[in-house]
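# Architecture at a glance
Below, each chain spelled out in residue letters.
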Amino acid sequence: MAQDIIMGVDVGATGFKGGLVDIKKGEMVSERFRLETPAPATPKAMAKTFKELVKHFDYEGPVGLGFPAIVHNGVSRSASNIDKAWIGTSIVKTFGKDFKGSIHALNDADAAGIAEMEFGAGRKYQRGTTIMITIGTGLGAALFRHNELVPNMEFGSMYLKDMKKIAEKYVSNRVRKDQDMSWKDFGKRFNEYLLHIERIFSPDCILLGGGASKSFTEYEKYLEVEATILPAKLLNKAGTVGAALYAYQQAQ
Ligand code: BGC
């Protein structure tokens, strides 16, 4: 494909963030445009938001779309933080209805992970096992072995030892805010989660992205895993950049 500038969209539980990305450099070449995710986040309402986003950029080419759920062959297979009507609904068909370009959908944390492995903190860890965790409304995860993505690793849905609720209901940026937790308390809880991940996957490196990664220095001291822990370099742009890169790879 001759086109090096591709639109990436990071669909989150709270916002749709889009931008035009130079996929060779891993940089955004437009401003980052954000729209609120509608509530309830139904397929119909979200399709309308997507339409507004592409209209803003007057864009008709391939679009990479990071989506906050399990994404298998363009279909959403879960809906933890969006409307349940998404389960079994095609993201590609729903957003592609009045759109001329092609849509390439993947899990949002997978998108962020792809960008970090290629252009960010994960570059040095392309050999071995690297896990990216995004700490936002939920906990997203991406698993790489020798830089190859194993898609849809729902590590946020794991049960921690002796716990009745899944990990992301115990520790996420939303839980931190809702429970007015100090960074110390958050760090200690997050440490429990990371130790559990380490026990199961023995990663060489853990990359942290999403909202809470910006405050990494506040809770870094409570994390006791053996793996190297690094905050994401692309910060809140990782999802958008990674989605665009994915669309480029898929459209080859
Ligand atoms: C979803 C994941 C998603 C993560 C971050 C979780 O609730 O199950 O698929 O990657 O939130 O948005």
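Conventions and cut-offs
- Residues numbered from 1 in each chain as written.
- Predicted model: local features only at pLDDT ≥ 70, side-chain atom pairs only at ≥ 80, totals over all residues.
- Heavy atoms only, no water.
- Pairing = 2+ DSSP bridges.
- Helix = DSSP H or I, 4+ residues; strand = E, 2+ residues; numbered from the N terminus.
- Axes fitted to C-alpha atoms, helices over the stretch in contact; angles between N-to-C directions.
- Contact = heavy atoms within 4.5 Å.
- Phe/Tyr/Trp six-rings, centres within 6.5 Å; stacked < 30°, edge-to-face > 60°.
- Buried < 20%, exposed > 50% of the residue type's maximum accessible area, 1.4 Å probe, protein only.

### Regarding the sheet that holds strand E9 (residues 129-135)
What holds strands together in a sheet is hydrogen bonding between their backbones, with the strands either parallel or antiparallel. If you walk across this open sheet you meet the five strands as E11-E10-E9-E12-E13, and the pairing is mixed. The open sheet is flanked by strand E11 (148-150) and strand E13 (228-231), the only strands paired with a single partner. Neighbour-to-neighbour, the strand axes of the sheet open up by a mean angle of 25°, direction not taken into account. In terms of strand pairing, strand E12 (residues 205-209) meets E13 through four bridges, oriented parallel. Within E13, the residue paired with leucine 207 across the bridge is leucine 230. The sheet contacts of helix H3 (residues 108-119) involve E9, strand E10 (139-145), E11 and E12, and relative to E10 the element is tilted by about 45°.

### Observations concerning the packing of aromatic side chains
Counted by the stated rule, this structure contains 15 aromatic pairs. Measuring from centroid to centroid gives 5.6 Å for phenylalanine 186 and phenylalanine 190, while their planes differ by 10°, and the two rings are stacked. Of this pair, phenylalanine 186 and phenylalanine 190 are both found in helix H6 (residues 183-201), four residues apart, which corresponds to roughly one turn of the helix. Assigned by exposure class, phenylalanine 186 and phenylalanine 190 land together as buried. Note on phenylalanine 190 and tyrosine 219: the rings are 6.3 Å apart at their centroids and 85° apart in plane angle, and the pair reads as edge-to-face.

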